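# Remarks on the overall topology
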Amino acid sequence: MTNFTTSNGNKERIGVYVCHCGSNIAGTVNVEEVAAWVRTELEGLGVLISRDYKFMCSSLGQELIQNDIKELGLTRIVVGACSPHLHEQTFRTACRRAELNPYLCELVSIREQISWVHTDKDQATEKSKAVIAGGVYRVVHHQPLEPLHVPIHPATLVVGGGIAGIQAALELADAGYPVYIVEREPSIGGHMAQFDKTFPTLDCAACILTPKMVSVGSHPNITLLTWSEVRQVEGYVGNFTVTIQKKARYVNDEFCTGCAICQEKCPKKVIDEIYEAGLGYRKAIYTPFPQAVPKYPVIDRQNCIYFQKGTCKACEKFCPTNAIDFTQEDELVTVNVGNIILATGYDLFDARRVSQYGYGRLANVFTSLEFERLSNAAGPTNGDIVLRDGVTVPKTVGIVHCVGSRDRNFNNYCSVICCMQGLKFAHIVHERTGATVYNFYIDMRTAYKAYDEFYQRVLEEGTLFVRGKVAEITDAARLPGEEGKLIIQVEDTLAGKQRRIPVDMVILSSGLEPRSDAKDLAKLFGISCSADGWLIEKHPKLDPVATMTEGIFIAGSVQGPKDIPTSVAQGAAAAARVLGRIQQGEIAIEPILASVDAEKCSGCRICNGLCPYNAIVFHDDRNVTEINPALCQGCGTCIAACPAGAISGTGFSDTQILAQIDGLLLLNAE
Amino acid sequence: MSDAFEPIIIGFTCNWCSYRAADLAGTARVKYPANIRLIRLMCSGRIDPTFVLKAFASGADGVLITGCHPGECHYIEQNYKALRRYLLLKRSLTQLGIEAGRVKLVWASAAEGVRLADEITKMVEQVKTLGPLNWPKWEGFFDDEIHSLVEIPEEVSA
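About the thresholds
- Residues numbered from 1 in each chain as written.
- Chains lettered and ligands numbered in written order.
- Predicted model: local features only at pLDDT ≥ 70, side-chain atom pairs only at ≥ 80, totals over all residues.
- Heavy atoms only, no water.
- Helix = DSSP H or I, 4+ residues; strand = E, 2+ residues; numbered from the N terminus.
- Buried < 20%, exposed > 50% of the residue type's maximum accessible area, 1.4 Å probe, protein only.
- Contact = heavy atoms within 4.5 Å.
- Phe/Tyr/Trp six-rings, centres within 6.5 Å; stacked < 30°, edge-to-face > 60°.
- Lys NZ or Arg CZ within 6 Å of the ring centre and 35° of its normal.
- Domains from an automatic or database assignment.
- Disulfide = S-S within 2.5 Å.
- Axes fitted to C-alpha atoms, helices over the stretch in contact; angles between N-to-C directions.
- Parallel < 35°, antiparallel > 145°, perpendicular 65-115°, else oblique.
- Left-handed = near helix turned anticlockwise from the far one by under 90°.
- Nonpolar A, V, L, I, M, F, W, Y, C, P; charged D, E, K, R; others polar.
- Buried area = accessible area lost by both parts, 1.4 Å probe.
- Salt bridge = Lys/Arg side-chain N within 4 Å of Asp/Glu carboxyl O.
- Polar contact = N/O pair within 3.5 Å; in protein donor to acceptor, adjacent residues only side chain to side chain.
- Pairing = 2+ DSSP bridges.

## Looking at the overall build of chain B
What chain B contains, in helices and strands, is six helices and four strands. Walking chain B from its N terminus toward its C terminus, one meets helices and strands in the order β-α-β-α-β-α-β-α-α-α. Across the 158 residues in chain B, those meeting the buried criterion constitute 55%. Considering only residue pairs separated by 6 or more positions, chain B has 81% of its internal contacts joining residues 24 or more positions apart.

Here you go:
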C-alpha cells in the first residue's frame, strides 16, 4: 500500500535527528537506541543519516542539520523533539537557511507526547521509534510549499465604540491610516461613559473619556458610523468587504448643530433603559448624554409621537436649521478594509436572575450600573445618593460582591472588575453620605497596580467587610431594629456564624456577561467563541488579541471580563498588530489549503455546504467545484467528504496521513 | 514488553484543541499509558473514515478521535461534521464486526490536558478488555483482486 518512492520515482534522501532535550527526553527514552534503529530499519525508505544530539534546537543542533543537508544532499528532514507548536518554525527556518524548502521538514513530538507522559523507558523508547517512523513515512510525501502572499488594504474597521474600540481607532488613525468605527448606539463612549469615577485613582470617567471621544469625532482619518450595525462580512485578510446598516436618524447631520433645542421641545418622555440604566428619562429625540459624539440626536421611532400617531413634529418646528428629516430611510454602506477589530464589550449580568437578592422586587436593591448613574453628577439625581423614593439618604448600605459570577448556577468565571467596583462604591457612599457601608465578599481580588492600596484605603475609611456569600436579601423583619429595612442574611465565614444585617440600601456588584448576541457576532465574522460566549483569542498567553481567523482581532471585554486599563491596553495592542500588517503591505499565510482536481470532480456538490468560510464555489457552466485559496482556512473537512477523492490538501494530504499510519504501526505490522 | 496484551491505539487530534491538550498533559507531566500514538490534523473535520479503517487494517486495536468541544471549533463548526461522520462510521464498523468500544470520540479543549490523559487511560483499559483486533492483513488480501476488478480497459480511459 505504501509507496516508498515519491511520485517522481526518485528515492528521497532523508535525515533523522533525535533530540535528547538534556534529560527531558533522554531521561525516559533511549535516544541512541532510537536513532540507531531508525538508521538500520528505515534505510529502505531513504534514511541516509540518523543522529541524536543533546539540544537540536540550539544553534549547534540547527547547524548540524544545515551541514547535513548541504553535504549529504538531504531532501527530507525529520526531527524527533518537542511539540511542533514550540519549534516547528525553528527547524523549518534551519532548512530554509540550507536552501531546502521548509515544508519538507517534519517535527514529531517525543517529549510532550512521550517522555513527559510515560514512565516505562522500554515502552517510551518503542513508542518513540513508532512515532519517528510515522514521521519518516509521512515526510516522503511532503511537497515543497511556499507561503501565500496577500496584499493588505490600509483601512481598518473597528466594531464597537467603547474605550477599547476608541483606543484602537485613535492609534491607527494617528499613525495615518483610515479607520471606520461602527457603533450600535447613537454615540460612542460605551459603558465607561456611564460611570462616575474610575478605580483606583477615582478619576472622573467623563473627564478622561470625553477628550478621546472628541478626538475620534474630529479625526480626519476616522469615519464614524454610529446608530449603525454590521450586516455582512465578505472576503478575507487584507481584503474584507463589509456591509453596514446605517439606521435612519431622521436628523440631517449636515445641518444639525447639536443645539439640543429639539430635545428640549420634544413632548415625549421615555425611560432611558440603556444609558441611565432605567433610572432616568430621555426624549423620543435624543442624544444619550450631553457630551455625545457625534452630537447629532436620533429619533426613536417606537416612541416618537409623529411616527406612532402621525402628528406632532415639534422638533421640526423648533429646529433652527431645518435639520429634522422624517423621510430618511435606513441605508446600507459598503466599506473595504484590510483588518477588523472587534471591541463590542459586555452586557451586565441581569441581577433579576438571582431571585433571592430581590432585585426588581425590593425597591432599594440597586445594580452596579444603577448605582453608577445614581452617583454620577450628570445622572438623574445629580449625584445625590438616595433611595428609590428620590429623597431619603441611606444610613447603612450593603454591597454584595460576585453577583452572577463565581457561582455554578450562573457563571463559573470571575468577572474581574466587581471587587474593585464594590470598593469604589464603598468609598463613594462613605464620602458622600457618611453611611455605614458593608461589603460582602467571597474573596477579595485586588491584583493590579495600586488596587490593593485602594482596598487598604477603603478599609481604613471604616468600611466593614464580611467574608461570605449572601444567602438572601429580604424585607421580612423578624428581629427588633429590622422594620422597614432590607435584611441581608449571610454566613460570616470568618466569625463562623450566621448574621442578619439590616441596611437601607443594597448594591449588587453584578458580573459581566458576553453580549446577548455575541454568538451571532462570532458567526458574522467567522471566529469562534467559548461556550459562555466570550470570543476566543488565538493564544491565551502569547497571542491575546488575534483570533484564529486571519485579519480579525479582538480587544477589551468582548474576549472576557476586563477593567479599563486592560481594555485600553488591548485596544492599543490590536491596533499595533494591525499596523504591523498594514506596514508590511502584504501578509504571508500558511499554505495549508484544499484544492479541487477538476478532472476528478464529478460535480456532486457534497462538499459545497461543508465550508463555514464560503470558500467553495460551484461552477454551473463546467459542473465542477472550485476552492478559493484566499478564503480557505485549511481545516480539510471537504477533503474528507469528497467521495471522488478529487479534493486534496497541502500539508495534510490523504497520502501523508495514510503513510503516517503505516509508519506508526510498522513495529506491530508483523 | 511483557506477555500481557498491550493494545496499540491510534489517536487523531486536531491542531487547535486536542493536540494542545496533549501538549499540556506533557507540560504538566500528567501520566498515561504509552499505548496511544497521536496523529495531528488541522481539524477533527479532516478525519476521513478511511483513516480509521486504514488504522484498523494496519494493526491498530483501537482508534481515538478527538476534537474541540462543540461550539469551540477553531473552524467554527467542523467538529459537528466529525461527530456526524463518527456516528455513521461507528455503525458501519459494528456491522463489519468491529466492537463499538474500539473507536471513541472525545472532546478536549486546549486546557483539558488532564481530561485527555484520563480519556486515553480509559480507552486503553477498554481496548485491553476487548483483546487484539486481528483483522486480516491488508497486503495481498486486497491488492490483486481489487485491482483486476477496477482495471479500466485502455480504450475506455483514453
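Resuming the write-up.
## Notes on the packing of aromatic side chains
The final tally for this structure, using the stated rule, is 15 aromatic pairs over all chains. Between Tyr441(A) and Phe465(A), the ring centres sit 6.1 Å apart and the planes meet at 70 degrees, which makes this aromatic pair edge-to-face. Residue Tyr441(A) is found in strand 22 (residues 436-441), and its partner Phe465(A) is found in strand 23 (residues 464-467); the two are separated by 24 residues along the sequence. Arranged with centres 6.1 Å apart and planes meeting at 25 degrees, the rings of Phe12(B) and Phe51(B) form a pair that is stacked. With Phe12(B) in strand 1 (residues 9-14) and Phe51(B) in helix 2 (residues 49-57), this pair connects stretches of sequence that are 39 residues apart. Each member of the pair, Phe12(B) as well as Phe51(B), carries the same accessibility label: buried. Cluster of aromatic residues (ring-pair linked, three or more members): Tyr250(A), Tyr306(A), Phe307(A) and Phe326(A). A cation over an aromatic ring shows up here: Arg40(B) above the ring of Tyr19(B), its NZ or CZ 5.6 Å from the ring centre.

## Overview of the domain arrangement of chain A
Taken domain by domain, chain A comprises domain 1 (14-147 + 654-668), domain 2 (151-247 + 330-345 + 515-589), domain 3 (248-329), domain 4 (348-512) and domain 5 (594-649). With centres defined by C-alpha atoms, the gap from domain 1 of chain A to domain 2 of chain A works out at 42 Å.

## A few points about the state of the cysteines
If you walk through the whole model with that rule in mind, you get two disulfides over all chains. Put simply, Cys17(B) and Cys68(B) are joined by a disulfide, and their sulfur atoms are 2.3 Å apart. Judged by the sign of its S-S torsion, about 100 degrees, the cystine formed by Cys17(B) and Cys68(B) is right-handed. Of this pair, Cys17(B) sits in the loop between strand 1 and helix 1 (18-27) while Cys68(B) sits in the loop between strand 3 (62-67) and helix 3 (78-95); the two residues are 51 residues apart in sequence, bridging distant segments of the chain. Judged by its relative accessible area of 3%, Cys17(B) falls in the buried class. Taking the relative accessible area as the measure of exposure, Cys68(B) reaches 3% and is therefore buried. Free cysteine Cys601(A): the closest other cysteine sulfur is in Cys607(A), separated by 6.5 Å.

## Let's talk about the packing of helix 17 (residues 654-664) of chain A against helix 2 of chain B
Contact geometry of helix 17 of chain A with helix 2 of chain B gives a least axis separation of 9 Å together with a crossing angle of 25 degrees. Considered as vectors, helix 17 of chain A and helix 2 of chain B are oriented roughly parallel to each other. Helix 17 of chain A and helix 2 of chain B meet at a crossing whose hand is right-handed. Along the contact surface, helix 17 of chain A presents Asp654(A), Ile657(A), Leu658(A), Ile661(A) and Asp662(A), while helix 2 of chain B presents Phe51(B), Lys54(B) and Ala55(B). Looking at the contact of helix 17 of chain A with helix 2 of chain B, its residues break down into five nonpolar, no polar and three charged.

## Describing the interface of chain A and chain B
Listed by partner, the interface residues are 54 residues for chain A and 52 residues for chain B. For the pair chain A and chain B, the summed buried surface comes to about 4700 Å²; carbon and sulfur atoms form 59% of the total. Where chain A packs against chain B, one counts three salt bridges. Across the pair Arg40(B) and Glu88(A) runs a salt bridge whose closest N-O atoms are separated by 3.2 Å. In this assembly, chain A and chain B are joined by 20 residue pairs in polar contact (both at pLDDT 80 or more). For the side of chain A that touches chain B, the elements supplying multiple residues, two or more each, are helix 3 (84-97), helix 4 (111-115), helix 5 (121-139), helix 16 (637-641) and helix 17 of chain A. Residues that form the side of chain A that touches chain B fall into these classes: 27 nonpolar, 20 polar and seven charged.

## What to know about the sheet that holds strand 3 (residues 76-81) of chain A
All names here are of chain A. Strand order in the open sheet made by the four strands is 2-1-3-4, with parallel pairing throughout. This sheet does not close on itself; its edge strands, each paired only once, are strand 2 (47-53) and strand 4 (105-109). Strand after strand, the sheet turns through a mean of 15 degrees between neighbouring axes, direction not considered. Pairing geometry for strand 1 (residues 14-19) and strand 3, over five bridges, is parallel. The residue bridging Gly-15 from the neighbouring strand is Ile-77, located in strand 3. In the packing of helix 3 onto the sheet, contacts are made with strand 3 and strand 4, and the angle to strand 4 comes to roughly 155 degrees.

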